[in-house]
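One-letter residues, chain by chain:
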Number of protein chains: 2
Amino acid sequence: MPVFLNTDDTDFEAAFTRLLGAKREDSPDVDDIVAGIIADVRARGDAAVLELTAKFDRLTLTPETMRFSEAEIEQHVARVPEAERRALEQAAERIRAYHVRQMPEDARWTDPEGASLGWRWTPVSAAGLYVPGGLASYPSSVLMNAIPAKVAGVGRLAITVPTPDGVVNPLVLMAARVAGVDEIYRIGGAQAVAALAYGTETIAPVDKITGPGNAFVAAAKRRVFGKVGIDMIAGPSEILVIADGDNDPDWIALDLLSQAEHDESAQSILITTDPAFGQAAAAAVDKRLETLERRAIAGASWRDFGAVITVRDLNEAAALSDRIAPEHLELCVADPEALSARITHAGAIFLGQWTPEAIGDYVGGPNHVLPTARSARFSSGLSVLDFVKRTTLARMTPESLRAIGPAAETLARSESLEAHGLSVTARLDRLNR
Amino acid sequence: MPVFLNTDDTDFEAAFTRLLGAKREDSPDVDDIVAGIIADVRARGDAAVLELTAKFDRLTLTPETMRFSEAEIEQHVARVPEAERRALEQAAERIRAYHVRQMPEDARWTDPEGASLGWRWTPVSAAGLYVPGGLASYPSSVLMNAIPAKVAGVGRLAITVPTPDGVVNPLVLMAARVAGVDEIYRIGGAQAVAALAYGTETIAPVDKITGPGNAFVAAAKRRVFGKVGIDMIAGPSEILVIADGDNDPDWIALDLLSQAEHDESAQSILITTDPAFGQAAAAAVDKRLETLERRAIAGASWRDFGAVITVRDLNEAAALSDRIAPEHLELCVADPEALSARITHAGAIFLGQWTPEAIGDYVGGPNHVLPTARSARFSSGLSVLDFVKRTTLARMTPESLRAIGPAAETLARSESLEAHGLSVTARLDRLNR
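On a predicted model such as this, the values are computed, not experimentally measured, just so you know. (Residues numbered from 1 in each chain as written. Chains lettered and ligands numbered in written order. Predicted model: local features only at pLDDT ≥ 70, side-chain atom pairs only at ≥ 80, totals over all residues. Heavy atoms only, no water.)

## Quick word on the overall build of chain A
Counting secondary structure elements, chain A contains 17 helices and 14 strands. Projected onto the principal axes, the alpha-carbon positions of chain A cover approximately 85 × 60 × 40 Å. Taken over 433 residues, chain A has a buried fraction of 60%. The positive charge centre, built from 43 side chains, and the negative charge centre, built from 60, are 8 Å apart in chain A. (Helix = DSSP H or I, 4+ residues; strand = E, 2+ residues; numbered from the N terminus. Buried < 20%, exposed > 50% of the residue type's maximum accessible area, 1.4 Å probe, protein only. Lys, Arg positive; Asp, Glu negative; His and termini not counted. Charge placed at Lys NZ, Arg CZ, Asp CG, Glu CD.)

Below is the structure:
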C-alpha cells in the first residue's frame, strides 16, 4: 500500500523527509568489470567488441556486419505497420518543431571602451546515442535523443543498439531513420560506450555520448566522461500529480500508473487538497492494477514508493513540490498556470487535466529525457544545448587595451602572475612610446 | 626544449599525435581518502569539519568562527590597497556586463494544433563556490564564478576558502564582497565540498558547487555529483597562439609564458606560418625565462609540453587548432576574424595582437573558467547557464489532445506501456462520448 500523509499530521515532516530520502535504486557495483571492458576495447578495438557481443548478446558478428547496412535497415523498416510509421513521423515533426526554437543565438557587440566582445555557438562534430535492447528499447527515446542532436547541427550521429540473439526492433530503426541518424551499430553494453568514446577500426570515435542504459552502460558513461561529453545519468522515473477534487479519479490513477509501470523503482506521488479525492484516486489505482498488463511492476512501484498527500491549500502543494523537485509534474487544478508560476524546481510541467504526462513522452514536443532524483534543483532536460558549445570572443583595440589593461596588470601582480602582467605591459609600453 | 614541428616533415603526423596525447597530469588517486572524509562529514557534520580543518590547515575553529563575520570581512577588506580595489571593481563591472547578456529567455507559444508549449528558466536556489587557499587563491576566479551565479539570480551563494595557519587573502574577501557573495567559510579540501553538498549544523546545503581545487577537491566534486550539480573538473591550463611573421616575438613569448607560469603541467603551443618567427619567439621565451619570477614552473612547462609548429598556411593552422581544441586561442594574424570563422573548437578566442590572453583572465568580460584537455570539442566555459535550469511546459486543449493523442496511444502500445496509452484513451473517450 502506498503511504497516505496529511500535512496536518503531527509527524508529517518526519514522514515526508523519509519519503524524499527513500533509496529507490540499488545499482550493482559493476565498475571493475566495466573498467576491464573499456581497457579491452581500447587495446583490441573491433576484436574485443566482437568477442564481448558474442558473449553477452549471443550474436556472432564481423567488422562488416557490426553496422546495419542500408539494405537491412530498409528491410526492417518495411515491416513497420503504417499506423506506427505515421505516429513516429508525427512525433518527430512535433519534437523537431519544439527543439528548433531552442537553438541559441550568437552575439557580438562593441562595449563603451571599444572592445569587441561576444560568443558564438558551434555544434559538436560527432555524437553517439546509446539505445538499450530488449524491453527498454524505446523508439520514442531514439527520437528524443537524436532530433536535438540533428537540430543542433551534429554532422555525424551514430547509434548503438544491442540485438540480443539477433532480435531487431524495427521501430528503433524506423525512428533512427526518421530522425536522420547516420550510422547504426548492433552492439551494446559497456563495450558499445567504449567503442563510441575511443573508436575502433570500424567505428570512428565521437565527442559526446547520450542515452539511457543499464548499470553497465551508466558506469561506462561515467568512466569515459572527460574523454567525451555525456548527458545525465538518469535514475528511475518519477511523477508528481497535484490535483484538486474536481478531477476524474481514474484519469489521475492512470497518470500515476504510467510512471509506475516503467520500473519497480519508479515513484508516483499524488498531492491533493481533497482527502476524499485522494482516497478515490488510490481506489482507482487498485482497480486498474487488477487488469494492467504490467501490474506486477506497477503494483510493486505503487506499493513501495507511491504516496498520497493531503494538503490544506495549493500554496502548501507548491512548497512540497519544490522540495520533491519532480521529473514530471502534472497540475490538474482549476488554474494550472497560476500554480505553475509558484513552482521553481521541476523537469517538465504538464498543465491542466487534458495534458496527461504520456503526451510528453511521445508527441507533445518537449523532450522526455528529464532530470530525476531531485536533480531538477540544478539541471535541465535534454535539449539542443547539449549538442552545441560556446566559444567566447574578445578583441581589443589599442584604445580599449589602454583603458582596461592597467587593471589587468594590477590584478596579475596581486596574484603573483608576472608574465600575465608583462604580456599587457609590453603592449601598453608600445602605445606609450 | 620545446618540440619544433613542421607540417612538411614526413613524421609530422606521428609527432603531432604524440603532442596531442601527451599525458600532462598524473593526479594522485585520493578517492578512498576523499570517500572517508565525505562519510565523516555526513555522519558528524561540524565536528568532522572542525577536526579536519585543525589537521590539514593547522587552524582551530569553532562552529561560531567557521564563518567570517561581517566585521572580520570589513577589517580584511580595509587592508586592500586602493589600486587593487579599483581594479577588482572595474573587472567585476566588465564581467557582469558581459554575463548579463547570457541570461536565456523564456518562451511560450501555441502550435497549429492548439497546444500551448514552451519553457521557462529559473535560478538554482543555492550555490557553493570553492576557492583554493595559498598560492592558487585567485581573487579573479572568485569574480568569474560568483558573478555568473549572481547574474543568474542564485539566492544564496556561499564560498569556502581554506586559510592554512590562519593566513587570509584580503583580496579574496574583497572579490567576494564585490561579487555579492552571501557567506564565506574558512574551510577547504574535501571536507568543504562535503559540507556544501550535504550540509552541517552551521552550513546549509547548496544545490550546485563550482570552482577549482586540488586532487582532493576534484575527487570530492566527482563524488558529490548527482546529489548536487558541479561544474567541469578542470585540467592544467593551455594556450595555442596562431601568429604570422608580422608580430613582436617578445609579445608572443609573454603570451606563451602566461600559461606556462601557471603550472608545470600547463601547455603553450605556437603555430606560425613563418619558421623564422617561430625561432625568434622561442628565443624570446628563453630570454624572458632568465628573469621571470616563476621561471622554474614556466621553464618546466615550456620544456616538457611547449611546441612550435610551422605550417604552410592559415588553413592548415585552423585544421590543427581544431584537433587541439584549445582552452585559449590567440589569433595574432592580419585578419583574425576571417581565421576565427574557420575554427570550430575552442574555449575562448582572442582576436588580434592587441588582445593578450591575460586580458581575458581578468578584465575582458568573458569567463576565464574554460574547457581544458580538448573538451572544447563538447563543452563550454562557465556561464550564467550553469546556474539556471529549464522547466519545459505543455498544455493540451481537448482539441489538441484529439489531434495528437492517437499517435501517443499508438506509440505507447508499440512500447508495451499500456497505462501510458490508457491515460490518453480515457480522456479521448470522454471527448468522443
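## Thoughts on the relation of the copies chain B and chain A
Of the transformation placing chain B onto chain A, the axial shift is 0.0 Å and the rotation is 180°, giving an RMSD of 0.0 Å. What we have between these two chains is a two-fold relation. Every residue of chain B has its C-alpha some distance from the rotation axis, and the shortest such distance is that of Pro104(B), at 4.3 Å. Most of the interface of chain B is mirrored in chain A, where 100% of its interface residues are also at the interface. (Least-squares fit on C-alpha atoms with pLDDT ≥ 70 in both. Contact = heavy atoms within 4.5 Å.)

## Describing the domain arrangement of chain A
Domain annotation of chain A identifies domain 1 (3–25 + 235–364), domain 2 (31–105 + 120–230) and domain 3 (396–432). One C-alpha centre belongs to domain 2 of chain A, the other to domain 3 of chain A; they are set 49 Å apart. (Domains from an automatic or database assignment.)

## Focus: the pattern of salt bridges
Side-chain pairs of opposite charge can arise whenever the charged atoms involved come near each other. Under the criterion given, the structure shown has 50 salt bridges over all chains. Salt-bridge contacts for Arg108(A) lead to Glu337(B); the nearest nitrogen and oxygen are separated by 2.7 Å. Of the two residues, Arg108(A) sits in strand 2 (residues 107–110) while Glu337(B) sits in helix 14 (residues 336–340), which places them in two different chains. Put simply, Lys150(A) and Asp182(A) hold a salt bridge, and the shortest N to O gap is 2.8 Å. A residue pair is termed long-range when its members are at least 10 positions apart, and Lys150(A) in helix 6 (residues 139–152) and Asp182(A) in the loop between helix 7 (170–179) and strand 6 (183–185) qualify at 32 residues. The partly exposed category is assigned to Asp182(A), whose relative accessible area is 32%. (Salt bridge = Lys/Arg side-chain N within 4 Å of Asp/Glu carboxyl O.)

## Let's talk about the nonpolar core
Counting residues in each nonpolar core, the largest one holds 138 residues, and the members touching the most others are Leu143(A) and Leu143(B). Excluding its chain neighbours within four sequence positions, the residues that come into contact with Leu143(A) are Leu88(A), Ala91(A), Ala92(A), Ile95(A), Pro148(A), Ala175(A), Val178(A) and Ala179(A). (Core = buried A, V, L, I, M, F, W, Y, C linked by side-chain atoms within 4.5 Å.)

## Structural notes on the sheet that holds strand 12 (residues 328–332) of chain B
The strand order across the open sheet formed by 9 strands is 2(A)-3(A)-14(A)-13(B)-12(B)-9(B)-10(B)-11(B)-1(B), and the pairing between neighbours is mixed. The two strands at the open ends of the sheet, each matched to only one other strand, are strand 2 of chain A together with strand 1 (3–6) of chain B. Between one strand and the next, the sheet's axes are offset by a mean angle of 15°, whatever the strand orientation. As judged from the 5 bridges shared by strand 9 (residues 238–243) of chain B and strand 12 of chain B, these two strands associate in the parallel manner. Of the residues in strand 12 of chain B, the one forming a bridge with Val241(B) is Glu330(B). (Pairing = 2+ DSSP bridges. Axes fitted to C-alpha atoms, helices over the stretch in contact; angles between N-to-C directions.)

## Details of the UniProt feature "active site" (unreviewed entry) in chain A
All names here are of chain A. When the UniProt feature table is mapped onto this chain, "active site" (unreviewed entry) is found at Glu327 and His328. Restricting the annotated residues to those that line the largest cavity leaves His328. Assignment of secondary structure puts Glu327 in the loop between helix 13 (314–324) and strand 12 (328–332). Judged by relative accessible area, which is 5%, Glu327 ranks as buried. Non-local contacts of Glu327, meaning those with residues more than four positions away in its chain, are made with Ser237, Glu238, Gly347, Ala348, His368, Leu370, Pro371 and Thr372. Side-chain polar atoms of Glu327 contact the backbone nitrogen of Glu238, separated by 2.9 Å. On the basis of relative accessibility, which here comes to 3%, the residue His328 falls in the buried class. Aside from chain neighbours lying at most four places away, what touches His328 is Ser237, Glu238, Ile239, Leu240, Gln259, Ala348, Phe350, Glu357, Asp361 and Leu370. Within the structure, His328 has its side chain in polar contact with the backbone oxygen of Glu238 (distance 2.8 Å). (UniProt positions renumbered as here; feature names shortened; annotations may be inferred. 1 Å grid on protein atoms, 1.4 Å probe; cavity = no way out; pocket = protein on both sides within 12 Å on 5 of 7 lines; lining within 4 Å. Polar contact = N/O pair within 3.5 Å; in protein donor to acceptor, adjacent residues only side chain to side chain.)

## Let's talk about the environment of Leu385(A)
Residues and elements named next belong to chain A. Here Leu385 shows up in the loop between helix 15 (357–362) and strand 14 (388–395). Taking relative accessible area as the criterion, Leu385 reaches 22% and is therefore assigned partly exposed. The sequence separation of Leu385 and Trp121 amounts to 264 residues, and the corresponding C-alpha distance is 9.4 Å.

## Comments concerning the interface of chain B and chain A
Counting residues at the interface gives 118 residues for chain B, matched by 118 residues for chain A. Summing the contributions of chain B and of chain A, the shared interface buries around 10,400 Å²; its carbon and sulfur component is 56%. Scanning the region where chain B abuts chain A turns up 72 residue pairs in polar contact (both at pLDDT 80 or more). Sorting elements by how many residues they give to the side of chain B that touches chain A places helix 16 (residues 398–414) of chain B first, with 11 residues. As defined by bridge partners, strand 13 (residues 348–351) of chain A adjoins strand 14 (residues 388–395) of chain B across 3 bridges and the pair is classed as parallel. (Buried area = accessible area lost by both parts, 1.4 Å probe.)

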